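Structural description and commentary
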Amino acid sequence: MNSERLELHIVTPDGQSLTETRIDLVVFRRKEHRFESGSEIAVFPRHAPLLIRIPVAPIRYRQADTTTHVAVGGGFAEVKENQVVVVTPRFAKIGADDPHPSRAALRLTRQWQKELKDFRKEMVGYL
């Protein structure tokens with residue numbers, strides 16, 4: 001098996017929110033018009049360089065036999081030289097003790113999407 005692994009960095013306005021090493025796989029949704037809306041992309045070690053927009057949605061990553069779920073508030077993801085850097089305004093890591101971490105991450109991101117939609121309604125005409 002290949003000894004190469006990924007590093008995952010999630011950065012928010014408050015600074016570095018998460019740094020994980022020895023990652024086997026990172027999966028996130030993409031928000032680009034040229035792809036099916038909400039489609040996922042899986043990033044493995046030695047992935048080609050990539051810079052994409054990501055929506056308010058869950059991200060999951062796998063280290064050995066453990067899959068971890070996190071929620072991000074949209075932003076950008078860059079893949080370069082076995083590093084995945086996510087820049088996002090919001091971030092939450094779902095606890096390992098949660099019996100359904102994927103559902104918890106999805107529920108949280110749906111709440112954030114609603115808050116964002118409500119905020120945009122309030123801001124109409126503000127520009």
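Look up a bit, the structure's there.
As a starting point, this report considers the structure included with it. Just so it is clear, the model here is predicted, and its values are computed rather than measured.

1. Quick look at the overall build of the protein chain
Summing up its helical and strand segments, the protein chain has one helix and eight strands in all. Ordering the α and β elements of the protein chain from the N terminus gives β-β-β-β-β-β-β-β-α. Taken over C-alpha atoms, the radius of gyration comes to 15 Å for the protein chain, in line with the 14 Å a tight globule of 127 residues would show. A total of 127 residues make up the protein chain; the buried ones form 37% of that total. About 8,300 Å² of surface is accessible on the protein chain, with carbon and sulfur atoms providing 51% of the total.

2. Some words on the nonpolar core
Counting 20 residues, the largest nonpolar core has Leu8, Val26, Phe28, Ile54, Ile59, Val84 and Val86 as the members making the most contacts within it. Elements with a minimum of two residues in this core: strand E1 (6–12), strand E2 (15–23), strand E3 (25–29), strand E4 (40–43), strand E5 (50–63), strand E6 (66–80) and strand E7 (83–87). Among residues more than four places away in sequence, those in contact with valine 26 are Leu6, Ile41, Ala42, Val43, Ile59, Arg60, Tyr61 and Val84. Core analysis: the next-biggest nonpolar cluster, separate from the first, contains five residues, Val56, Ala71, Leu108 and Trp112 among them.

3. Overview of the side chain of threonine 12
Take threonine 12: it is sitting in strand E1. When its relative accessible area of 11% is taken as the criterion, threonine 12 is described as buried. Each residue touching threonine 12, except ones within four places of it in the same chain, is listed here: Ser17, Thr88, Pro89, Arg90 and Phe91.

4. Let's talk about the pattern of salt bridges
Per the counting criterion, the structure on display carries six salt bridges. Of the charged contacts, one joins aspartate 118 and lysine 114 as a salt bridge, the two residues approaching to 2.9 Å between their closest N and O atoms. Taken together, the residues span about one helical turn, with aspartate 118 and lysine 114 both in helix H1 (residues 101–122) at a distance of four residues.

5. Here we look at the pairing of E7
Residue alternation in E7 divides its side chains into a buried set, Val84 and Val86, and an unburied set, Gln83, Val85 and Val87. Inspection of the sheet shows E1 paired to E7 by five bridges, in the parallel sense. Within the sheet, the bridge partner assigned to valine 11 lies in E7 and is valine 87. Pairing of E6 with E7, which is carried by five bridges, proceeds in the antiparallel orientation. By the bridge assignment for E7, valine 79 is matched with valine 84. In this structure, the hairpin formed by E6 and E7 is closed by a connection of two residues, where glutamate 81 is found at a positive phi of approximately 50°.

6. Some details on unusual backbone geometry
Even without being glycine, arginine 46 reaches a positive phi, approximately 70°. Considering the arrangement of structural elements, one finds arginine 46 in the loop between E4 and E5. Unusually for a residue other than glycine, glutamate 81 sits at a positive phi of about 50°.

Quick notes on the rules
- Residues numbered from 1 in each chain as written.
- Predicted model: local features only at pLDDT ≥ 70, side-chain atom pairs only at ≥ 80, totals over all residues.
- Heavy atoms only, no water.
- Helix = DSSP H or I, 4+ residues; strand = E, 2+ residues; numbered from the N terminus.
- Rg over C-alpha atoms; globule rule 2.2 N^0.38 Å.
- Buried < 20%, exposed > 50% of the residue type's maximum accessible area, 1.4 Å probe, protein only.
- Areas by Shrake-Rupley, 256 points an atom, 1.4 Å probe, with all protein chains shown as cover.
- Core = buried A, V, L, I, M, F, W, Y, C linked by side-chain atoms within 4.5 Å.
- Contact = heavy atoms within 4.5 Å.
- Salt bridge = Lys/Arg side-chain N within 4 Å of Asp/Glu carboxyl O.
- Pairing = 2+ DSSP bridges.

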